[in-house]
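So you can see what is in the structure, the chains are spelled out below.
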Amino acid sequence: MQRPPQEDFSLKETKPHLGGGKVTGDKLTSTYDLVEQMQYLYVRVVKAKDLPGKDVTGSLDPYVEVRLGNYRGTTRHFEKKSNPEWSQVFAFSKDRIQASVLEVNVKDKDFVKDDFVGRVTFDLNEIPKRVPPDSPLAPQWYRLEDRNGNKVKGELMLAVWMGTQADEAFPESWHSDAATVSGADALANIRSKVYLSPKLWYLRVNVIEAQDLIPGDRSRFPEVYVKAILGNQALRTRVSMSKTINPMWNEDLMFVAAEPFEEPLILSVEDRVAPNKDEVLGRCAIPLQYIDRRLDHRPINSKWYNLEKHIIVEGEKKKEIKFASRLHTRLYLEGGYHVLDESTHYSSDLRPTAKQLWKSSIGVLELGVLNAQGLSPMKTKDGRATTDAYCVAKYGQKWVRTRTIIDSFAPKWNEQYTWEVFDPCTVITIGVFDNCHLHGGDKSGGARDSRIGKVRIRLSTLETDRVYTHSYPLLVLHPTGVKKMGEIHLAVRFTCSSLMNMMHMYSQPLLPKMHYIHPLTVSQLDNLRHQATQIVSMRLSRAEPPLRKEIVEYMLDVGSHMWSMRRSKANFFRIMGVLGGIIAIGRWSDQICNWKNPITTVLIHILFLILVLYPELILPTIFLYLFLIGVWYYRWRPRNPPHMDTRLSCADNAHPDELDEEFDTFPTSRPPDIVRMRYDRLRSIAGRIQTVVGDLATQGERLQSLLSWRDPRATALFVIFCLIAAIVLYVTPFQVVALLTGFYVLRHPRFRHKLPSAPLNFFRRLPARTDCML
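Quick caveat: nothing in here was measured; it's all calculated off a predicted structure.

On to the UniProt feature "transmembrane region" (unreviewed entry) in the protein. According to UniProt, the feature "transmembrane region" (unreviewed entry) maps to residues 601-634 and 716-746 in the numbering used here. Helix and strand shares over residues 716-746 are 90% and 0% respectively, and the end C-alpha atoms of the span are 30 Å apart.

Strand order across the open sheet formed by five strands is β1-β32-β33-β24-β29, with antiparallel pairing between neighbours. Each having just a single partner strand, β1 (12-13) and β29 (412-421) make up the two edges of the open sheet. In terms of strand pairing, strand β32 (residues 467-478) meets strand β33 (residues 481-496) through twelve bridges, oriented antiparallel. The residue of β33 that forms the bridge with Leu477 is Val482.

Further remarks concern the pattern of salt bridges. Applying the stated criterion to the full structure yields 35 salt bridges. With a shortest N-O distance of 3.1 Å, Asp557 and Arg456 are connected by a salt bridge. On the criterion of sequence distance, the pair formed by Asp557 in the loop between α5 (549-555) and α6 (565-593) and Arg456 in strand β31 (residues 450-458) is long-range, its members being 101 residues apart. Both residues of the pair, Asp557 and Arg456, belong to the buried class. Between Lys549 and Glu553 there is a salt bridge, with its nearest N and O atoms 3.8 Å apart. Linking Lys549 with Glu553, this pair stays in helix α5, spanning four residues, or about one helical turn. A relative accessible area of 40% places Lys549 in the partly exposed class. The network of salt bridges with shared partners includes Glu65, Arg67, Arg72 and Lys107.

What follows deals with the nonpolar core. Counting 65 residues, the largest nonpolar core has Trp399, Ile488 and Leu490 as its most contacted members. Residue contributions to this core reach at least three from each of two domains, namely domain 2 (199-334) and domain 3 (355-556). Judged by nonpolar contacts, the second largest core, of 34 residues, contains Val117, Met162, Ala186 and Leu438.

So, on to the sheet that holds strand β14 (residues 193-196). Spatially, β14-β28-β27-β30-β31 is the arrangement adopted by the five strands of the open sheet, whose pairing is antiparallel. Since the sheet does not close on itself, it has two edges, and those belong to β14 and β31, each with one partner. On average, each strand axis in the sheet is inclined to that of its neighbour by 20 degrees, with strand direction left out of account. One ladder, built from four bridges, connects strand β27 (residues 389-395) with strand β28 (residues 398-401); its direction is antiparallel.

Time to look at the side chain of Glu145. Positionally, Glu145 belongs in strand β11 (residues 140-145). Separated by 3.3 Å, the side chains of Glu145 and Lys151 make a polar contact. For Glu145, the residues in contact, after removing those within four places along its chain, are Phe116, Gly118, Arg119, Thr121, Asn150, Lys151 and Val152.

This paragraph deals with the packing of α6 against helix α7 (residues 598-613). One way to put it is that α6 packs onto α7 with a least axis distance of 8 Å and a crossing angle of 95 degrees. With respect to α7, the element α6 is oriented roughly perpendicular. Where α6 approaches α7, its residues Trp588, Gln591 and Ile592 are matched on the opposing element by Thr600, Thr601 and Ile604. Class assignment for the residues of the contact of α6 with α7 results in three nonpolar, three polar and no charged.

What counts and how
- Residues numbered from 1 in each chain as written.
- Predicted model: local features only at pLDDT ≥ 70, side-chain atom pairs only at ≥ 80, totals over all residues.
- Heavy atoms only, no water.
- UniProt positions renumbered as here; feature names shortened; annotations may be inferred.
- Helix = DSSP H or I, 4+ residues; strand = E, 2+ residues; numbered from the N terminus.
- Pairing = 2+ DSSP bridges.
- Salt bridge = Lys/Arg side-chain N within 4 Å of Asp/Glu carboxyl O.
- Buried < 20%, exposed > 50% of the residue type's maximum accessible area, 1.4 Å probe, protein only.
- Core = buried A, V, L, I, M, F, W, Y, C linked by side-chain atoms within 4.5 Å.
- Domains from an automatic or database assignment.
- Axes fitted to C-alpha atoms, helices over the stretch in contact; angles between N-to-C directions.
- Polar contact = N/O pair within 3.5 Å; in protein donor to acceptor, adjacent residues only side chain to side chain.
- Contact = heavy atoms within 4.5 Å.
- Parallel < 35°, antiparallel > 145°, perpendicular 65-115°, else oblique.
- Nonpolar A, V, L, I, M, F, W, Y, C, P; charged D, E, K, R; others polar.

Shown next as structure tokens:
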């Protein structure tokens, strides 16, 4: 596979005309917006009155047709109504206008041919302009005319004006560039929308004990556990070890619950009567609306719940009310945690659930989605390749979706959105998708919107009040390799309301304090994040129009925890990059000690003498040195936001079989011989990792064995050495010891031996626990 040139995957700075003005330095010459102005002709059709009858019966089924050149938009029609009300807005892009006259025709819907009732015409040169925040243009009544310009019976209320995409009417208007889209459902699917994630809570179910259980078989001790079900989440306690009818557990179960609370928590006590057979001893349903809410770690009072048992009488379930067994639990909704639905590496929100615990916002994030260039064809329609692209941006609980631009590989959106910022160390995610639901979509839910690419921008990497205008590559990993699907052009501005508040945030914990006072386990967090993403995707897919499950899962990085050879190599190289600095310092020290550059070594001797004679200068010198390094590196500070890096991800040189393994399903769907080959490869790599981890463990165990008397002679030598060293250091000034040690380390190569030193030999001879391993 031939790879595209590396520079094709890079970030490109641009100079667009934002809001009709140029970007000069860090500021805009126009305060209009973060997007390029797009001119539209708006026509608001409000209502009509006194329309004449056209049928034989004298009735009328009126609708309005708005015509501008080749573009034609129509309202819905009313049956047998002479005073209809439509209240619909039509928007015609000025770039596509190929006429000088706007026609608004009133017609009568008919089976054979629609009858002409009357019309109103406008000269485009006479249409007024409106720029927000001006008030909306008031509609006026216009007398209808026939085709010859003579006045006829009936009037039409209209408002016609020239405006931009900043107009309030823009999101809900019918667009001329979507004229091929049919159906009300499809039109809703192409409009821009704002969505809110449901408010998520952690629900803690502390199962304490049960009382007076009545097992079906009295001759045996019951093996009892409690099963808790909330929606599609089900958890269970361990089997109680107390062989009585009053078992105890005192075990916590954690769930994710979303407002509004639609489903109750169902607790059932079950007895394991056989390996695959459980008997329900009682159950209760608890509505979440009545459960206590906790903001901190203070305990909540526990409650007893009566367990109901259902018996089948004559084919119907009936409640058995003879004697009530009881379940003792402590239930509460945790408001002090942040419910993670994103990866912790690029979270867009870190606030706790309870609004009372929120801190004030520190600024505003503004995003201008300008356009895209060079998008790849995503589907075939009428025998030709096409793409119907839209963007989704997610930050905090607010999701935004731009309108869909029909049949364009270079769509222009020019839409702007704003978010409140509560923490600068957060990430906004922007995804580009192809709309597969333009004509009502696939009712069975089989059609899926295709992903074109994704961009992440970390707010802390942005300078405040600066407008960043860059073209970001849209990169997607395919089984054949990494592919550039086009570029998206964004304008981003992070405005800080209080610099002191933002600086103070850097001293605060990343997550709410409950995560540290009562931490959840890693496996708990993984399971809860999975449940949270499922709830968010389900709720947003039920919105109107839906933000579909595949979109939400791609934006939330569902499945990013799956094994990938490519990602594992990338993480290994990242670790080596971090260790590279330490290794470089070690090489530099070795060069100094071996007098590779005598002048540098002499200077280090002088610096070493000063620091030993005046030890109070050691810490100031270190911090001054770090300060000078930081100032020196300021010249090479990054000027652009970070973007997806194919080289860092090891995506540009990944082996085809590694990519095929990454895209394989779980469990695998590949033939046994390929699975065997991959398993052998994984074993060989894991063997190398095992060796490295074992070597690290060996060095640590040798340190432990210095004083453990595992090797009595070695520990005796070390203990005697420590005693002699303590006596010598006690009677010898520290400066003398430091000078002798330093001069010994920095001694000239002619005084060095080729063999390892005695302390190193002693350390390597110490025992480790490898002898005890099978």
